[in-house]
Amino acid sequence: MSRLALVTGGVRGIGSAIARALQADGYRVAVTYHGNETAADNFRKETGISAYKWDVADYEACAQGVAKVVGDFGAPVEILVNNAGITNDCMFHKMAPEQWRSVIDTDLVSCFNMTRGVIGPMRDANFGRVINIASINAQKGQAGQVNYCAAKSGIIGFTKALALESASRGITVNAVAPGYIATDMVAAVPPEVLAKIVAQIPVGRLGHAEEIAGLVRYLASDGAAFVTGATFTANGGQYLT
Ligand code: NDP
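Residues numbered from 1 in each chain as written. Predicted model: local features only at pLDDT ≥ 70, side-chain atom pairs only at ≥ 80, totals over all residues. Heavy atoms only, no water.

**Student:** Tell me what's going on with the overall build of the protein chain, and back it up with residues and numbers.
**Tutor:** Helices and strands together make up the secondary structure of the protein chain, namely nine helices and seven strands. Taken along its principal axes, the extent of the C-alpha atoms in the protein chain is 50 × 40 × 35 Å. Residue pairs in contact within the protein chain that sit at least 24 positions apart in sequence constitute 71% of those at least 6 positions apart. Across the protein chain, the centroid of the 20 positively charged side chains sits 3 Å from that of the 20 negatively charged ones. (Helix = DSSP H or I, 4+ residues; strand = E, 2+ residues; numbered from the N terminus. Contact = heavy atoms within 4.5 Å. Lys, Arg positive; Asp, Glu negative; His and termini not counted. Charge placed at Lys NZ, Arg CZ, Asp CG, Glu CD.)

Rendered as structure tokens:
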């Protein structure tokens, strides 16, 4: 039986491209989403992949959700992609506690909530892949995104420490830091701001979600067993680490 991969925020954007790529590679795939029923229905129809609705910021919802996926597939989650994320941009001196908390909870605490439920069985099985989607802005900083940069930088530390704890158990833990990718998240950026961003990308365009999925499918593969604790940038040359 092929391995089971679970992708959070998988009905749109980067997560959808990741889920489709893993399906094409022969994995059994499940995804989560938060509330966009239209996107979820379209995704189910197009791919045949099961899409489960829960809030990744909610620990109990994640525990119950993972248990449901495992029960439905009759298999443990062997590949987890922590992709779900939001922005809630605001200059820090005007940022409300809720703007801080919503991004920290959805983008960073979610990695604890989701990974905590799958890491034990991965350790028991001596195999696992945890792939966390960070951001270029964790690496370079971005005005108006103190909350997002803090959350995404936290993901990189989470990745390194969990990689060290898990290495002897056949589990790899890696992060991918995308640059600006043409998804709904970036469509929310005002056009004049986006034009200035694209001008800073040496490749001369936004990235495609499939270009991030390509990295993830490699990290999920058996051939990536020696790669752990790393953060992979895919940003068109916009910021070199
Ligand atoms: P989108 O906004 O296109 O999609 C986000 C997905 O996450 C959606 O499926 C959404 O569900 C889901 N989601 C959001 N909040 C929650 C929640 N609380 N619980 C469960 N699911 C949730 O984002 P992108 O595809 O652009 O981004 C994917 C990841 O990549 C994010 O972590 C983002 O920070 C990161 N990233 C994106 C970049 C970009 O340029 N696009 C650049 C760098 C990093 P629903 O569909 O139901 O709303």
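**Student:** Break down the packing of helix α4 (residues 97–125) against helix α6 (residues 146–166) for me, citing the residues and quoting the values.
**Tutor:** At their nearest, the axes of α4 and α6 sit 8 Å apart, and the two run at 15° to each other. With respect to α6, the element α4 is oriented roughly parallel. When you trace α4 past α6, the crossing you get is right-handed. Contacts between α4 and α6 pair Gln-99, Trp-100, Val-103, Ile-104, Asp-107, Leu-108, Cys-111, Phe-112, Thr-115, Ile-119 and Arg-123 from the former with Val-146, Asn-147, Tyr-148, Ala-150, Ala-151, Lys-152, Gly-154, Ile-155, Phe-158, Leu-162, Glu-165 and Ser-166 from the latter. Here the residues of the contact of α4 with α6 sort into 14 nonpolar, five polar and four charged. (Axes fitted to C-alpha atoms, helices over the stretch in contact; angles between N-to-C directions. Parallel < 35°, antiparallel > 145°, perpendicular 65-115°, else oblique. Left-handed = near helix turned anticlockwise from the far one by under 90°. Nonpolar A, V, L, I, M, F, W, Y, C, P; charged D, E, K, R; others polar.)

**Student:** For the nonpolar core, give the residues involved together with the corresponding values.
**Tutor:** Ranked by internal contacts, the top residues of the largest apolar core, which has 32 residues, are Val-11, Ile-18, Leu-22, Val-31, Val-81 and Val-176. At seven residues, helix α9 (residues 209–220) tops the list of elements feeding residues into this core. Formed by 22 residues, the second largest nonpolar core is a distinct cluster that contains Val-66, Ala-84, Leu-162 and Val-173. (Core = buried A, V, L, I, M, F, W, Y, C linked by side-chain atoms within 4.5 Å. Buried < 20%, exposed > 50% of the residue type's maximum accessible area, 1.4 Å probe, protein only.)

**Student:** A description of the packing of aromatic side chains should follow, citing residues and the corresponding values.
**Tutor:** If you walk through the whole model with that rule in mind, you get two aromatic pairs. Considering the side-chain rings of Tyr-52 and Trp-54, the 6.5 Å spacing of their centres and the 55° angle between planes classify their relative orientation as tilted. Residues Tyr-52 and Trp-54 agree in their burial class; the two are buried. Arranged with centres 5.8 Å apart and planes meeting at 25°, the rings of Tyr-59 and Phe-112 form a pair that is stacked. (Phe/Tyr/Trp six-rings, centres within 6.5 Å; stacked < 30°, edge-to-face > 60°.)

**Student:** Residues and numbers for the site of the ligand, please.
**Tutor:** The full set close to the ligand counts 30 residues, and His-34, Gly-35, Asn-83, Tyr-148 and Thr-183 are the nearest of them. The contact in question runs from an oxygen atom of the ligand to an N or O atom on the side chain of Arg-12, over 2.9 Å. Residue Gly-35 places a main-chain N or O atom 2.7 Å away from an oxygen atom belonging to the ligand. Starting from 900 Å² of accessible surface for the ligand in isolation, the protein chains cover 94%. When contributions to the shell around the ligand are tallied by element, the ones reaching two or more residues are α1 (13–24), α6 and α7 (184–187). Grouping the constituent residues of the shell around the ligand by class yields 15 nonpolar, 11 polar and four charged. (Near = heavy atom within 4 Å. Polar contact = N/O pair within 3.5 Å; in protein donor to acceptor, adjacent residues only side chain to side chain. Areas by Shrake-Rupley, 256 points an atom, 1.4 Å probe, with all protein chains shown as cover.)

**Student:** How would you summarise the environment of Tyr-52 if you had to cite specific residues and measurements?
**Tutor:** Counting through the fold element by element, Tyr-52 comes out in strand β3 (residues 50–53). Look at Tyr-52 and you get buried, because its relative accessible area is 12%. Considered as a pair, Tyr-52 and Gly-9 are 43 residues apart in the sequence and their alpha carbons are 9.7 Å apart. Not counting residues within four places of it along the chain, the set of residues in contact with Tyr-52 comprises Ala-30, Val-31, Thr-32, Tyr-33, Lys-68, Val-69, Asp-72 and Phe-73.

**Student:** So, the environment of Thr-159: which residues are in play, and what are the values?
**Tutor:** In this fold, Thr-159 is placed in helix α6. Judged by relative accessible area, Thr-159 falls into the buried class, the value being 0%. In the structure, Thr-159 is positioned 32 residues away from Pro-191 in sequence and 33 Å away in space, judged by C-alpha atoms. Those residues in contact with Thr-159 that sit more than four places away from it in its chain are Asn-132, Val-173, Asn-174, Ala-175, Gly-229 and Ala-230.

**Student:** Run through the sheet that holds β3, naming residues and quoting values.
**Tutor:** Pairing is parallel in the open sheet, where seven strands are placed in the order β3-β2-β1-β4-β5-β6-β7. Edge positions in the sheet fall to β3 and β7 (231–234), since each has one partner strand and no second. Neighbouring strand axes in the sheet, compared pairwise and without regard to direction, differ in orientation by 20° on average. Pairing between strand β1 (residues 4–7) and strand β4 (residues 79–82): three bridges, direction parallel. Opposite Leu-6, over in β4, you have Leu-80 as the bridge partner. (Pairing = 2+ DSSP bridges.)

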